[in-house]
Amino acid sequence: MPAFAYLDHNATSPLRPAAFDAMAEALRAGGNPSSVHRAGRAARAGVDKARGQVAALVGALPSEVVFTSGGTEANNAALAGAGCKRMLVSAVEHDSVLKAATGLEIMPVDGNGIVDLGVLEKSLAASAEPALVSVMFANNETGVLQPMADVVRVARAAGALVHCDAVQGAGKVPVDLYGLGVDYLSLSAHKFGGPSGVGALVVRSGAPFVADRLGGGQESNRRAGTENVAGIAGFGVAASEARNGLATTDWRDQLEAALLKIVPAARVYGATAGRLPNTTCISMPGVRAETQVMALDLAGICVSAGAACSSGKVTRSAVLLAMGVEPAEAETALRISFGWNTCFDDIERLIAAWRDLYIRVTHSDITHARAA
Ligand SMILES: Cc1ncc(COP(=O)(O)O)c(C=O)c1O
């Protein structure tokens, strides 16, 4: 049995061995893609190959892929680069959208976390100022999928540009730039087995884009700075592998059925909406998420309480609050997310540990009640 079961792929997914190999090879080879000599040309060839692999993951043209330092930079660049003063974003967006937006108008969501299209339509109609609509493909905490086709239809009818943060969707379910019809698409390698610190903003041909990183002319003048050649190589390989091995919902559904059998009062957030096949956000009533995370960690299982944040401190989930979940309940929500190297044993181990924790907690409640 492996030392621990890693079920926190939405925080970061372990590096795929083939991505590691491609990175090691690129690091050994060295070379600056802007150099004209053979070492530079070899590095350039590696970046171009990866550009094709990333483009293929989302049905884009290689020339539409702008490599960045990750999803955060891609989101920041889209919001700044579209050149709109007005930005309409859903209430459940990642902070790299919410904190980067200026002229921000937040669109409410329903109980499943789905953006309110009626409010979006009315808000767009309220002003003739050019606008950017930013709505995520899939939520990082609940896995809930947004109705992107409808978002694009409403935005287009009002002449607005559309950005989609597809950081949690790409590499897990099919994502297609032209199928979605958006102008900008954000990607991050480490959410599907590539390295962290590399991602891409896909800018649809013809969409306006003003670079916010100035310097050398890299990335066709859309993002200055010497490319992270090794990271990009790993990103490309991970994109190819992810494209060939997209997940199904079977294990998630089996997991949820098992957890709900143990704790019938538990709630799965976004349960009645379309969701990513790898994500479950579930409460254990009365038991704080931190307690669950620590108990599961002791049992050798890595999961997360809502969104991981840089300080390592667990804060109440803004996503669940926006969905109308009571604060006390939101504090009991656990996020479980699988990925490319998850096996069913990991899931069975989680189910057993969750059962043990629940029995311990309910037993200690009874003991306390008797002592009182
Ligand atoms: C939906 C979403 N967008 C953007 C990001 C930021 O990506 P990165 O970690 O590559 O900066 C994350 C990371 O958690 C995310 O979940």
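The structure under discussion appears in the preceding block.
Source: prediction; values computed, not measured.

Draft legend 1. Molecular detail of the site of the ligand. In the neighbourhood of the ligand, 14 residues make up the surrounding shell, with Gly71, Thr72, Asp165, Ser188 and Lys191 lying closest. Between a nitrogen atom of the ligand and a side-chain N or O atom of Asp165, the distance comes to 2.7 Å. Gln168 places a side-chain nitrogen or oxygen 2.8 Å from an oxygen atom of the ligand. When isolated, the ligand has an accessible area of 400 Å², and the protein chains bury 85% of it. Element by element, the count of residues in the shell around the ligand is highest for helix α3 (residues 71-81), at three residues. Each residue belonging to the shell around the ligand can be placed in one class, and the counts come to two nonpolar, 10 polar and two charged.

Draft legend 2. Expanded view of the pairing of strand β3 (residues 86-90). The element β3 is extensively covered by neighbouring structure, given that five of its five residues are classed as buried. With burial as the criterion, each face of β3 is covered, one bearing Arg86, Leu88 and Ser90 and the other bearing Met87 and Val89. For β3 and strand β5 (residues 131-134), the ladder comprises four bridges, and the chain directions are parallel. Along β5, the bridge assignment pairs Arg86 with Ala131. Bridge analysis of β3 against strand β4 (residues 104-107) gives four bridges, and the strand direction is parallel.

Draft legend 3. Layout of the pattern of salt bridges. What the rule picks out here adds up to 17 salt bridges. A salt bridge links Arg213 to Glu73, with the shortest nitrogen-to-oxygen separation between them at 3.3 Å. Of the two residues, Arg213 sits in the loop between β8 (199-203) and α8 (218-221) while Glu73 sits in helix α3, which places them 140 residues apart along the sequence. For Arg213, a relative accessible area of 36% gives the class partly exposed. Glu73 gets classed as buried once you look at its relative accessible area, which sits at 11%. Across the pair Glu73 and Arg223 runs a salt bridge whose closest N-O atoms are separated by 2.8 Å. Of this pair, Glu73 sits in helix α3 while Arg223 sits in the loop between α8 and α9 (229-244), and the two are 150 residues apart along the sequence. Here Glu73 and Arg223 have matching classes, each one buried. When salt bridges that share partners are traced, they join Arg252, Asp253, Glu256 and Arg275 into one network.

Rules used in this analysis
Residues numbered from 1 in each chain as written. Predicted model: local features only at pLDDT ≥ 70, side-chain atom pairs only at ≥ 80, totals over all residues. Heavy atoms only, no water. Near = heavy atom within 4 Å. Polar contact = N/O pair within 3.5 Å; in protein donor to acceptor, adjacent residues only side chain to side chain. Areas by Shrake-Rupley, 256 points an atom, 1.4 Å probe, with all protein chains shown as cover. Helix = DSSP H or I, 4+ residues; strand = E, 2+ residues; numbered from the N terminus. Nonpolar A, V, L, I, M, F, W, Y, C, P; charged D, E, K, R; others polar. Buried < 20%, exposed > 50% of the residue type's maximum accessible area, 1.4 Å probe, protein only. Pairing = 2+ DSSP bridges. Salt bridge = Lys/Arg side-chain N within 4 Å of Asp/Glu carboxyl O.

Treat this as a map of the structure, not an account of what it does.
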